[in-house]
Amino acid sequence: MTDRLILGIESSCDETGVGIVRLGPDGALELLADEVASSVEEHARFGGVVPEVASRAHLEAMVPTVRRAAEQAGIELSDVHSIAVTAGPGLAGALLVGVSAAKAYAAALGKPLYGVNHLAGHVAASTLQHGPLPERCVALLVSGGHSQLLLVEGLADKITEIGSTVDDAAGEAYDKVARLLDLPYPGGPPIDALAKRGNGCAIAFPRGLTGPRDSKYDFSFSGLKTSVARWVERRERAGEEVPLADVAASFQEAVADVLTAKAVRACQDLGVDTMVISGGVAANSRLSGLAAQRCAEAGIGLRVPKPRLCTDNGAMIAALGAHLVAAGAEPSRMDLSTTPGLPVGTIQVG
Ligand code: KG4
Ligand code: ZN
């Protein structure tokens, strides 16, 4: 069998992503194009993603981004074997733009369409950089919209959620804490940078859901965020200077500590020797540093894709589409619908 080109379209949040992946006859993946148009700056002044603004931006960016991806890959769209698109989870209006565009391309080009799960796509991103996943691995997905621990026993067929956040997502906590420290949105990068100048042990912020009776694999970040807010308020009320770098470093330490401890524990409990970390927060220097240290101590292999593959992008959707094509999955129906609350176990829609 010859090479097959898979076009991937992502529009679940504020990034319009289009990727093109080559699926070799042996199942190997090669990334040919990864184009992203982000509307993050349009949301900055609101401190979070505004769904209507995101949908409008997707609408404007979609066709030019597809065109740029084809140029980057040096292909004609008619060379594409099939089209994969994020069908959920995500913002309803934003998903609708990507799925409508993918249907239009699939119909116009006469190509099969695969509606896929965004979360599974994040895990698939790792295979573009590190090659095939072992039979079983644990994936920690941490971004502005999700914080999940997954047991992955097949990218094309079996992903099980073993834990998730009961309140804020990890990236959401970063964004909210950044806001209260007067740092720009999105809050991850400025907190990460500020934390490098601070002491992560300076303030003992709480580690959510780590008591003996708490859920082993679920997360909670809302109490941590409130605790940071109260700590800063107390200092300000007392007329004392707020040691911003120490606050950032101690907050970051609390997040990285809980995420890595629970992910390592999941690997140990489930007898898994590979961990994948993905999502925007995977770009965090302390999270990846602590994960590397703890995984090495526990004899677990760690895969953290480069930041560009961790944040939302179309390449990860093309990669997941390629895994489905390689596994012989039937295409989705042309009338497939978007599913904003799609559970992670549903890898393909319709
Ligand atoms: O995956 P992503 O681009 O979009 C989704 O939310 O799906 O993730 C964005 C999130 C934001 O909350 C941002 O603050 C966070 O990832 N982030 C980081 C870092 N870079 C981005 N959080 C911590 N440290 C970073 N270096
Ligand atoms: Zn995402």
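Residues numbered from 1 in each chain as written. Chains lettered and ligands numbered in written order. Predicted model: local features only at pLDDT ≥ 70, side-chain atom pairs only at ≥ 80, totals over all residues. Heavy atoms only, no water.

Caption draft 1: Inspection of the coordination of the zinc ion (ligand 2) at higher detail. The protein atoms that coordinate the zinc ion (ligand 2) are His118 (NE2), His122 (NE2) and Asp312 (OD), at distances spanning 2.1 to 2.2 Å. Here the donor residues for the zinc ion (ligand 2) map to a single chain with the spacing H-x3-H-x189-D. Here Asp312 lies in the loop between α10 (307-310) and α11 (314-326) and His118 lies in helix α4 (residues 118-130), a separation of 194 residues in the sequence. According to the relative accessible area criterion, Asp312 is buried, its value standing at 11%. (Donors = N, O, S within 2.8 Å, 3.2 Å for Na, K, Ca; no water. Helix = DSSP H or I, 4+ residues; strand = E, 2+ residues; numbered from the N terminus. Buried < 20%, exposed > 50% of the residue type's maximum accessible area, 1.4 Å probe, protein only.)

Caption draft 2: Spatial organisation of the sheet that holds strand β6 (residues 137-142). Taken in spatial order, the five strands make up an open sheet running β8-β7-β6-β9-β10, and their pairing is mixed. Every interior strand has two partners, whereas the edge strands, β8 (159-164) and β10 (301-303), have only one. Going across the sheet, the axis of each strand differs from the next one's by a mean of 25°, ignoring polarity. Where strand β9 (residues 274-278) lies against β10, three bridges are found, and the strand directions are parallel. Each bridged residue has a counterpart across the sheet, and for Thr274 the counterpart in β10 is Gly301. (Pairing = 2+ DSSP bridges. Axes fitted to C-alpha atoms, helices over the stretch in contact; angles between N-to-C directions.)

Caption draft 3: Up close: the pairing of strand β1 (residues 4-10). Here β1 lies mainly inside the structure; seven of its seven residues are buried. Note that β1 and strand β2 (residues 15-23) share seven bridges and pair antiparallel. Looking at the pairing, Leu5 lines up with Arg22 of β2. Here β1 hands over to β2 after four residues, the two strands then running antiparallel side by side. Pairing of β1 with strand β4 (residues 82-88) involves four bridges; the strand directions are parallel.

Caption draft 4: Representation of the side chain of Asp175. On the secondary structure map, Asp175 appears in helix α5 (residues 170-180). Looking at Asp175, its side chain comes within polar contact range of the main-chain nitrogen of Gly187, at 2.8 Å. In this view, Asp175 contacts Tyr185, Pro186, Gly187 and Gly188; residues no more than four positions away in its chain are not counted. (Polar contact = N/O pair within 3.5 Å; in protein donor to acceptor, adjacent residues only side chain to side chain. Contact = heavy atoms within 4.5 Å.)

Caption draft 5: Fine view of the site of ligand 1. Around ligand 1, the surrounding shell holds 20 residues, and the nearest of these are Gly144, Asp175, Gly188, Gly280 and Asn284. Between Gly188 and ligand 1, the recorded distance is 2.9 Å, taken from a backbone N or O atom to an oxygen atom. Calculation on ligand 1 without its partners gives an accessible area of 550 Å², and the protein chains cover 89% of this total. Residue composition of the shell around ligand 1, grouped by class: five nonpolar, 11 polar and four charged. (Near = heavy atom within 4 Å. Areas by Shrake-Rupley, 256 points an atom, 1.4 Å probe, with all protein chains shown as cover. Nonpolar A, V, L, I, M, F, W, Y, C, P; charged D, E, K, R; others polar.)

Caption draft 6: Here's a closer look at the packing of α5 against helix α8 (residues 244-270). Taken N-terminus to C-terminus, the directions of α5 and α8 make an angle of 175°; their axes are 11 Å apart at the nearest point. Considering the angle they form, α5 stands roughly antiparallel to α8. On α8, the residues touching Ala170, Ala173, Tyr174 and Val177 of α5 are Phe251, Gln252, Val255 and Leu259. Looking at side-chain class alone, the contact of α5 with α8 contains seven nonpolar, one polar and no charged residues. (Parallel < 35°, antiparallel > 145°, perpendicular 65-115°, else oblique.)

Caption draft 7: A look at the packing of aromatic side chains. Tallied over the entire structure, the rule returns three aromatic pairs. Taken together, a centroid distance of 4.9 Å and an interplanar angle of 70° make the contact between Tyr174 and Phe251 edge-to-face. Of the two residues, Tyr174 sits in helix α5 while Phe251 sits in helix α8, which places them 77 residues apart along the sequence. Tyr174 gets classed as buried once you look at its relative accessible area, which sits at 3%. (Phe/Tyr/Trp six-rings, centres within 6.5 Å; stacked < 30°, edge-to-face > 60°.)

Caption draft 8: Quick peek at the pairing of β8. Judged from the five bridges that link them, strand β7 (residues 147-152) and β8 form a sheet pairing that is antiparallel. Directly across from Leu149, in β8, lies its bridge partner Gly163. Two successive antiparallel strands, β7 and β8, enclose a turn made up of six residues, where Gly154 displays a positive phi of approximately 155°.

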